[in-house]
Amino acid sequence: MDFNLSHALPLVFMAVMGLALLAYVILDGYDLGVGILLPFATDAEKDVMVSSIGPFWDANETWLVLGVGVLLVCFPMAHGIVLTALYLPVAVMLLGLTLRGVAFDFRVKARDAHKATWNRLFAGGSLLTTLAQGWMLGAYVTGFQNDAWGLLFSAGIALTLPAAYAMLGVGWLLMKTDGELQRKAARWGQGVLWPMGFALVGISLATPLVSPTVFAKWFVLPQLFALLPIPLACVAAFFAIRHVLSTQRVVAAGYGWVVFAATVVIFVLAFFGLAYSLYPYIVVDRLTVWQAASAPESLVVIGIGVAITLPAIIVYTIFMYRVFWGKARELTYGL
């Protein structure tokens, strides 16, 4: 019984941590994407774009806190290794998030002469945060290799993630706006689609080359055939996005949500593909889930807190999206 508990609990908390980080990437990903797209809009459109994410963006970051919190308390050995190796990009990410938060609040009351500066800081903070997250993911997948190939791989993902987040932002704007801004968002999506596609293909091909662990998981039979549906489904989602973006009447008919949903599908499939590739490691080629985990007795106590906290976050998130759903409009501020 103790053996089963000590075996199962780390897996449960690994799943909670992974799904929390996936929820963060999707939910905060679209509002980071909207921030990245902000410089391409007019002043009036910027207000609508910020209004579309206003009720959600701060709460979306709750999932990041949950994921990192689980890593800290449930896998302290891994937490020490990961944050030590990623100290600089984590600091850059926090700087970007701080810039976003400050700019979001200050642009509300800024005079016209200063509002453009806060808009640029909001966009810059969004891009900085995304680049840092991409670098962290690349470094994690390579097992924190500091050789030339590892650094190039991390840089490749750092440059890929803004395109993917921008596509999430496009899908969000297609759902939340209408008129000229919606049509402009579709054009932005057409511009970012192929760079995103080529970058994702390049990263997918490079991953097994920089990580022998990933190569050993994918390029053996019969697992190779069993895993083929993942890339094939990603290709299908990519061309679904392309079809909607290139057909204005489909967007106008209310099917812009397909772009967002298909991009989410790509993220989810990439997440589960990566989870399969790295299992059972929590730090690639260094620590397994069980080696890094806290004592089973500690995990039981932590599980009580998670059992209370996680449903509360889920219910709050669903409630928030239901209350504030609908088309965004231009912001108006009181004196």
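Please read all numbers here as calculations on a predicted model, not as lab measurements.

Things to note about the overall build of the protein chain
Each helix and strand in the protein chain was counted, giving 16 helices and 2 strands. In summary, the protein chain has a C-alpha radius of gyration of 21 Å against a globular reference of 20 Å for 335 residues, a match within 12%. C-alpha atoms of the protein chain, sized along the principal axes, occupy 60 × 45 × 35 Å. Long-range pairs, those at least 24 residues apart, make up 80% of the contacts in the protein chain between residues at least 6 apart in sequence. Accessible surface, the protein chain as shown: approximately 16400 Å² in total, 73% of it carbon and sulfur.

Regarding the environment of L71
Assignment of secondary structure puts L71 in helix α4 (residues 62-74). When its relative accessible area of 11% is taken as the criterion, L71 is described as buried. In the structure, L71 is positioned 35 residues away from F106 in sequence and 33 Å away in space, judged by C-alpha atoms. Ignoring any residue separated from it by four or fewer positions in sequence, one finds L71 in contact with M17, P76, A78, H79 and I282.

With respect to the side chain of T317
Secondary-structure assignment places T317 in helix α16 (residues 296-323). On the basis of relative accessible area, T317 is assigned to the buried category, the value being 13%. The residues contacting T317, other than those within four sequence positions of it, are L27 and W63.

Describing the side chain of T263
Assignment of secondary structure puts T263 in helix α14 (residues 257-278). Aside from chain neighbours lying at most four places away, what touches T263 is A164, M167, L168 and I241.

A closer look at the nonpolar core
F75 and I282 are the most contacted members of the largest nonpolar core, which has 97 residues in total. Top contributing element to this core by residue count: helix α1 (residues 2-37), with 15 residues. The next biggest cluster of nonpolar side chains, apart from the first, holds 5 residues, and it includes V141, F153, I203 and V210.

Let's talk about unusual backbone geometry
Cis geometry marks the peptide bond from Y279 to P280, where omega comes out at 10 degrees. One non-glycine residue with positive phi stands out, namely F144, at about 65 degrees. Within the element layout of this structure, F144 appears in the loop between α7 (112-141) and α8 (148-176). Judged by its relative accessible area of 9%, F144 falls in the buried class.

Considering the confidence of the model for the protein chain
When pLDDT is averaged along the protein chain, the result is 88; 97% of the residues meet or exceed 70. When pLDDT is averaged over each element of the protein chain, helix α12 (residues 229-245) comes out on top at 93 and helix α11 (residues 223-227) at the bottom at 78.

Some details on the packing of helix α9 (residues 179-210) against α12
Two elements in contact, α9 and α12, have axes whose closest approach is 10 Å; the angle formed by their N-to-C orientations is 155 degrees. Accordingly, the angle class assigned to the pair α9 and α12 is roughly antiparallel. When you trace α9 past α12, the crossing you get is left-handed. Counting all contacts with α9, which are made through A186, G189, Q190, L193, W194, M196 and G197, the residues of α12 involved are F238, F239, I241, R242 and L245. Of the residues contributing to the contact of α9 with α12, the split by class is 8 nonpolar, 3 polar and 1 charged.

The rules behind the values
Residues numbered from 1 in each chain as written. Predicted model: local features only at pLDDT ≥ 70, side-chain atom pairs only at ≥ 80, totals over all residues. Heavy atoms only, no water. Helix = DSSP H or I, 4+ residues; strand = E, 2+ residues; numbered from the N terminus. Rg over C-alpha atoms; globule rule 2.2 N^0.38 Å. Contact = heavy atoms within 4.5 Å. Areas by Shrake-Rupley, 256 points an atom, 1.4 Å probe, with all protein chains shown as cover. Buried < 20%, exposed > 50% of the residue type's maximum accessible area, 1.4 Å probe, protein only. Core = buried A, V, L, I, M, F, W, Y, C linked by side-chain atoms within 4.5 Å. pLDDT = per-residue confidence, 0-100. Axes fitted to C-alpha atoms, helices over the stretch in contact; angles between N-to-C directions. Parallel < 35°, antiparallel > 145°, perpendicular 65-115°, else oblique. Left-handed = near helix turned anticlockwise from the far one by under 90°. Nonpolar A, V, L, I, M, F, W, Y, C, P; charged D, E, K, R; others polar.

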